[in-house]
Amino acid sequence: FNDEELKFLRGTPVELAVAERHEEFHEDLQMALAIVPASVIPRDVLTYENFLWAMSVYSSRAFFKGLMAATPCSLTAESAVFLPLLDMTNHHPLTPALWTVNGNRVEFSTKAVIEAGQQIFNDYGSKSNEELMMGYGFCVQPNPLNYFHVKLNYSQDPLFEAKERVLAAAGLDNAHDQFILVTGLPRDLLPVLRVMVMTDVDLHYMGQDINRELLEHTGLRNELRARFLLMFLLEKKLQALEDADADLPAEATTENAQMALAYRTEIGEILRTTIADLKTAEQDIMARACRLFESESHDLPRYICAESLEVDATSPSAKRVRAGATPSEQFISSVLITSESFSSDEAFLDATEQVDIDEDVLLALFLLRARMISSSPWHAAIRRLDGFKHPMLICEQDSSAGEEYGEMLMEMGEIHDSLFPLLTEHFGD
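### Examining the overall build of the chain
Here comes step 1: For the chain, the count of helices and strands is 15 helices and eight strands.
Here comes step 2: The proportion of buried residues among the 429 residues of the chain is 35%.
Here comes step 3: By sequence separation, contacts in the chain at least 24 residues apart represent 65% of the contacts at least 6 residues apart.

### With respect to the environment of Phe232
Here comes step 1: Tracing the sequence through the fold places Phe232 in helix H8 (residues 220-245).
Here comes step 2: With 43 residues separating them along the chain, Phe232 and Ile275 place their C-alpha atoms 9.1 Å apart.

### Considering the environment of Ser128
Here comes step 1: Note on placement: Ser128 falls in the loop between strand E6 (121-122) and helix H4 (129-136).
Here comes step 2: With relative accessibility at 1%, the residue Ser128 sits in the buried group.
Here comes step 3: Separated by 15 residues in the primary sequence, Ser128 and Asn143 have C-alpha atoms spaced 7.0 Å apart.
Here comes step 4: When residues no more than four places from it in sequence are discounted, the contact partners of Ser128 are Asn143, Leu145, Asn146 and Tyr147.
Here comes step 5: Within the structure, the side chain of Ser128 is placed 3.4 Å from the side chain of Tyr147, a separation counted as a polar contact.

### Digging into a negative patch on the surface
Here comes step 1: Together, Asp356, Asp358, Glu359, Asp360, Glu407, Glu411, Glu414 and Asp417 give the surface a local cluster of negative charge.
Here comes step 2: Of the residues forming the negative patch, the biggest block, four residues, is contributed by helix H15 (residues 399-426).
Here comes step 3: Among the secondary structure elements, Glu407 is positioned in helix H15.
Here comes step 4: Since its relative accessible area comes to 69%, Glu407 is described here as exposed.

### Some points on the nonpolar core
Here comes step 1: Residues Leu193, Leu215 and Leu234 are the most contacted members of the largest nonpolar core, which totals 47 residues.
Here comes step 2: Elements with a contribution of two residues or more to this core: helix H2 (13-35), H4, strand E7 (147-151), helix H5 (160-169), helix H6 (189-196), helix H7 (200-206), H8 and helix H9 (255-294).
Here comes step 3: The element contributing the most residues to this core is H9, with nine residues.
Here comes step 4: Those residues in contact with Leu193, other than ones at most four positions away along the chain, are Leu152, Ala226, Leu229 and Leu230.
Here comes step 5: The next biggest cluster of nonpolar side chains, apart from the first, holds 22 residues, and it includes Leu292, Phe293, Val361 and Trp378.

### Regarding the pattern of salt bridges
Here comes step 1: Taken as a whole and assessed by the stated rule, the structure comprises 15 salt bridges.
Here comes step 2: Note that Asp188 is salt-bridged to Arg212, the shortest N-O span being 2.6 Å. Separated by 24 residues along the polypeptide, Asp188 in the loop between strand E8 (177-181) and H6 and Arg212 in the loop between H7 and H8 bring together distant segments of the chain.
Here comes step 3: Through salt bridges with shared partners, one network takes in Arg187, Asp188, Arg212 and Glu216.

### With respect to H8
Here comes step 1: The first and last C-alpha atoms of H8 sit 37 Å apart over 26 residues, in line with the 38 Å expected at 1.5 Å per residue.
Here comes step 2: All of the buried residues along H8 are Leu220, Asn222, Glu223, Leu224, Ala226, Arg227, Leu230, Met231, Leu234, Leu238, Leu241 and Ala244.
Here comes step 3: Where H8 is buried, its residues touch E7, E8, H6, H7, H9 and helix H11 (327-335).

### A look at the confidence of the model for the chain
Here comes step 1: Per-chain confidence: the chain averages 82 in pLDDT, with 85% of residues scoring 70 or above.
Here comes step 2: Ranking the elements of the chain by mean pLDDT puts helix H10 (residues 317-320) last, at 45, and H2 first, at 94.
Here comes step 3: Between residues 306-319, whose pLDDT stays under 50, and residues either more than four places distant or in other chains, the model counts 25 contacts.

### Points about the packing of aromatic side chains
Here comes step 1: Summed over the entire model, instances satisfying the criterion amount to eleven aromatic pairs.
Here comes step 2: An angle of 65 degrees between the planes, with centres 6.4 Å apart, marks the rings of Tyr58 and Phe82 as edge-to-face. Placement of Tyr58 in helix H3 (residues 48-61) and of Phe82 in the loop between strand E2 (80-81) and strand E3 (90-91) is noted, with a sequence separation of 24 residues between them.
Here comes step 3: Its relative accessible area of 23% is what places Tyr58 among the partly exposed residues.
Here comes step 4: Exposure remark for Phe82: the relative accessible area of 46% places this residue in the partly exposed category.

### As for the side chain of Arg264
Here comes step 1: Residue position: Arg264 is located in helix H9.
Here comes step 2: The class for Arg264 is buried, based on a relative accessible area of 5%.
Here comes step 3: When near neighbours in sequence (up to four residues on either side) are disregarded, Arg264 contacts Lys7, Phe8, Leu9, Arg10, Thr12, Leu241, Ala244, Asp245 and Leu248.

Parameters and conventions
- All chains use their own residue numbering, which begins from 1 and follows the written sequence.
- For a predicted model such as this one, the threshold for reporting local features is a pLDDT of at least 70, and the threshold for listing and counting side-chain atom pairs is 80 or more; totals across whole chains, interfaces and linings nevertheless cover every residue.
- Note that the side-chain values use all heavy atoms of the structure and ignore hydrogens as well as water.
- Here a strand is any run of E in DSSP of at least two residues, a helix any run of H or I of at least four, and the numbering for each starts at the N terminus.
- A 1.4 Å probe rolled over the protein chains alone gives each residue an accessible area, and that area as a share of the maximum for its type sets the label: buried under 20%, exposed over 50%, partly exposed in between.
- Contacts are assigned to residue pairs with any non-hydrogen atoms lying within 4.5 Å of each other.
- Counted as a polar contact is a pair of N or O atoms within 3.5 Å, where, for protein atoms, one must be capable of donating a hydrogen and the other of accepting one, and residues adjacent in sequence contribute only when both atoms are in side chains.
- Here the term patch refers to residues with relative accessible area over 30% and no salt bridge, with like charges joined within 9 Å and nonpolar side chains (Val, Leu, Ile, Met, Phe, Trp, Tyr) within 5 Å.
- Working definition of accessibility: Shrake-Rupley area with a 1.4 Å probe, residue cover restricted to the visible protein chains.
- Whenever Lys or Arg places a side-chain nitrogen within 4 Å of a carboxyl oxygen from Asp or Glu, that contact is recorded as a salt bridge.
- His is not counted, nor are the chain ends; Lys and Arg add positive charge and Asp and Glu add negative charge.
- A single reference atom marks each charge: NZ on Lys, CZ on Arg, CG on Asp, CD on Glu.
- Note on terminology: a nonpolar core comprises buried Ala, Val, Leu, Ile, Met, Phe, Trp, Tyr and Cys residues joined through side-chain atoms within 4.5 Å.
- Expected span, for any helix, means 1.5 Å times one less than how many residues it has.
- Across the chain, each position has a pLDDT score giving the predictor's confidence in that residue, from 0 to 100.
- Stacked, tilted and edge-to-face are the three classes assigned to paired rings of Phe, Tyr and Trp, where Trp is represented by its six-membered ring and a pair needs centres within 6.5 Å; plane angles under 30 degrees give stacked, over 60 edge-to-face, the rest tilted.

Encoded structure:
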């Protein structure tokens, strides 16, 4: 590919892979120059351009010895062979090709019906267009094996080690590389994302008996957060792809450019389709949350067990869900508790507007207020949390929790002690 043809790969995963491959080849060339005498390969021959050609021939034409062996092996200098003439066969997915070794002969046969004058195809294996572009410089249209590679990296998360332990216990410790197919999300992607968005409380109550089934559903909050995180990642990738569109050449005039453009187009389609599906799923989750809210039912994490709790409450919540609004509008205006929710409680507003209190403390006070007043739209939901205890509340019985949450508990005590002078001075009752 020349520089003009490579422009069609801008913003795609292959662009980054090409840059990394060039970096590796430059390092390999420097190593070769250091160990191969000029008398063996003259320096005017061992140039980067010639080295790049040789490496391209090797990577695109070498066969695995494992192709003819009982035990497959990875492609290395020791495991690779060249088969002149046979390496000229082109790829066609699902071609019934058979390789056998007969004495000192290598035989290639196919069960495909081949008419006179037709091309004989090989099957290079189950490869996506990204792999085909990197290995051979072409892509297949349509390619049912096409995918978009997502690498999940959250190593900077303070809870990284705890989340890694959960993933390992669920058999998902090697699931950080995910491949989104044209047919939808891979099976392990959402379970991994559900763990990635867990809070310290979620992780504390997961317990020791963790299995894959526990990660199939972790409450509506986590379902929304997991999909939002994936949508955020994919939208950034799509934005980078679309930003690069403005600088593309006017036409793809060469075969390489046309292949790159076809690959680029398919990547965009996978991203747009997946994002649209995630948005639909997000709307469905919000609609379910609204239905649960109206019926005073709630989808809580498994560690909050309050099925037997009897809630004596009036139900003004149904009046709060706006008729005709979209699920997201209903969810935001009716189900979520935000600072906007305070406007429905004039007494609470009068009290808290007199003092300077952080928003998280205000939300905590509003939860207490809603728990106390049975006419609050959120009363039933909050009463279902009566049996829940944050780990910092059990630190006296759990020494490990005490180490982790002791400082937080002290801070909560200081905030609590400061509230009463603040609030009672301005709002005695």
